[in-house]
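Each chain, letter by letter, is given below.
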Amino acid sequence: MKNSLVYHKITNFEWGGTWVTPHQFESQMHYLYQNGYKTINSKELFNSQLSTPNSQLLITFDDGYENIYTYAYPLLRKYGFNAIIFIIAGYIGKENLWDVNVGFKKFRHLNWEQIKEMQRAGFVFGSHTVTHPDLTKIPVNKAKEEIENSKKIIEDKLGEKVDYLSYPFGRYNNTIKKLAKDAGYSASFTLNPFICERYAVGRMGIYIIDTMEEFKIKVSGKNNVFYKFEGIKGN
């Protein structure tokens, strides 16, 4: 789907690449607002065969870190944007012990109270499995449990249907796509911006290395050499 973005952490520092600073994020949201961008209502996500006007975009977050509530949530509300947040059902309110990174710094995930507050404000929550495994590297029965159980846990807590799944690490295959469909998800998401399928919706990652000029290219949705380069760089 054109103009679909994915963020991970919003923090002042970490040893890694999948983060942006609060200042970066605010500058990016301000740019979108000043240039007339609108976020897509998740219920209208697939009304036009995974294609949207360049002025519309989908903002998503993988992993569901608490810093989304601290930094992103106030700014998204300030500018009238919404987002889909993919949470790891087994790590709600806990530190990210599943993630081994350089420096071993740990980050806390959103808790249920924060999630419910954001839900009331119109934000949509999807599944990022129970424990964040690479679904293509575990037995099929375990992948099935990760996909189905996370959906049930979140639905039971939030009292509404969970329509969307984000594949951990963006990794999937035909078997995993079928498991997602059979579990009752309406769509699932990956990290490759050049994929455009209902059960492998591509997204453009936004990272600490991105300048504002590169961010503008990424949100443009224009299928040119600069956009392709940014997608390859992200992957």
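First, a word on what this report is: a plain description of the structure on this page. (Residues numbered from 1 in each chain as written. Predicted model: local features only at pLDDT ≥ 70, side-chain atom pairs only at ≥ 80, totals over all residues. Heavy atoms only, no water.)

Here we look at unusual backbone geometry
To be explicit about the condition: Comment: elements are numbered from the N terminus, with helices defined as DSSP H or I runs of at least four residues and strands as E runs of at least two.
Despite not being glycine, Thr 129 shows a phi value in the positive range, around 75 degrees. With respect to the helices and strands, Thr 129 occurs in the loop between strand 7 (124-127) and helix 4 (140-158).

Let's talk about the packing of helix 3 (residues 112-120) against helix 4
Heads up, the condition is: Geometry is summarised by axes, namely lines fitted to C-alpha atoms with helices restricted to the contacting stretch, and by angles between N-to-C directions that run from 0 to 180 degrees. When describing relative orientation, an angle under 35 degrees is termed roughly parallel and one over 145 degrees roughly antiparallel, while 65 to 115 degrees is termed roughly perpendicular and anything else oblique. Between two residues, a contact is recorded if the distance between any of their heavy atoms is within 4.5 Å. All residues other than Ala, Val, Leu, Ile, Met, Phe, Trp, Tyr, Cys, Pro, Asp, Glu, Lys and Arg, Gly among them, are scored as polar; the first ten of these are nonpolar and the last four charged.
Relative to each other, helix 3 and helix 4 sit at 70 degrees, their axes nearing to 11 Å. Classed by the angle they form, the pair helix 3 and helix 4 counts as roughly perpendicular. Only Ile 153, Ile 154, Lys 157 and Leu 158 of helix 4 make contact with helix 3, whose side of the interface consists of Trp 112, Ile 115, Lys 116 and Gln 119. The class makeup of the residues in the contact of helix 3 with helix 4 is five nonpolar, one polar and two charged.

Points about the pattern of salt bridges
Rules: Just to be clear on terms, a salt bridge is a Lys or Arg side-chain nitrogen sitting within 4 Å of an Asp or Glu carboxyl oxygen. Three exposure classes are used, based on accessible area relative to the maximum for each residue type with a 1.4 Å probe and protein chains only: buried under 20%, partly exposed in between, and exposed over 50%.
Tallied over the entire structure, the rule returns 15 salt bridges. Here Asp 134 makes a salt bridge to Arg 171, at a shortest N to O gap of 2.7 Å. Of this pair, Asp 134 sits in the loop between strand 7 and helix 4 while Arg 171 is found in the loop between strand 8 (164-166) and helix 5 (174-182), placing the two residues 37 residues apart along the sequence. Overall, Asp 134 belongs to the buried group, its relative accessible area being 14%. The partner of Glu 148 in a salt bridge is Lys 144, with the nearest N and O atoms 2.9 Å apart. Here Lys 144 and Glu 148 lie together in helix 4, a separation of four residues that amounts to about one turn. According to the relative accessible area criterion, Glu 148 is partly exposed, its value standing at 31%. According to the relative accessible area criterion, Lys 144 is partly exposed, its value standing at 37%.

What to know about helix 2 (residues 66-78)
Applicable threshold: One less than the residue count of a helix, multiplied by 1.5 Å, gives the span that helix is expected to have. One fitted axis covers the seven residues ending at a residue, a second covers the seven starting there, and the bend at that residue is the angle between these axes.
A rise of 1.5 Å per residue sets the reference length of helix 2, with its 13 residues, at 18 Å; its end C-alpha atoms lie 18 Å apart and thus fit the reference within 8%. The largest bend in helix 2 amounts to roughly 45 degrees and is located at Ala 72, with the proline Pro 74 lying one to four residues further along. All buried positions along helix 2 are accounted for by Asn 67, Ile 68, Ala 72, Tyr 73, Leu 75 and Leu 76. For helix 2, the secondary structure elements touched by its buried residues are strand 2 (9-10), helix 1 (22-34), strand 5 (56-63), strand 6 (84-87) and helix 3.

Here we look at the environment of Leu 32
Counting through the fold element by element, Leu 32 comes out in helix 1. Residue classification places Leu 32 among the buried positions, given a relative accessible area of 0%. For the pair Leu 32 and Lys 116, spaced 84 residues apart in sequence, the C-alpha separation works out to 26 Å. Residue contacts for Leu 32: discarding those within four places in its chain leaves Tyr 37, Leu 57, Ile 59, Phe 81, Phe 215 and Val 219.

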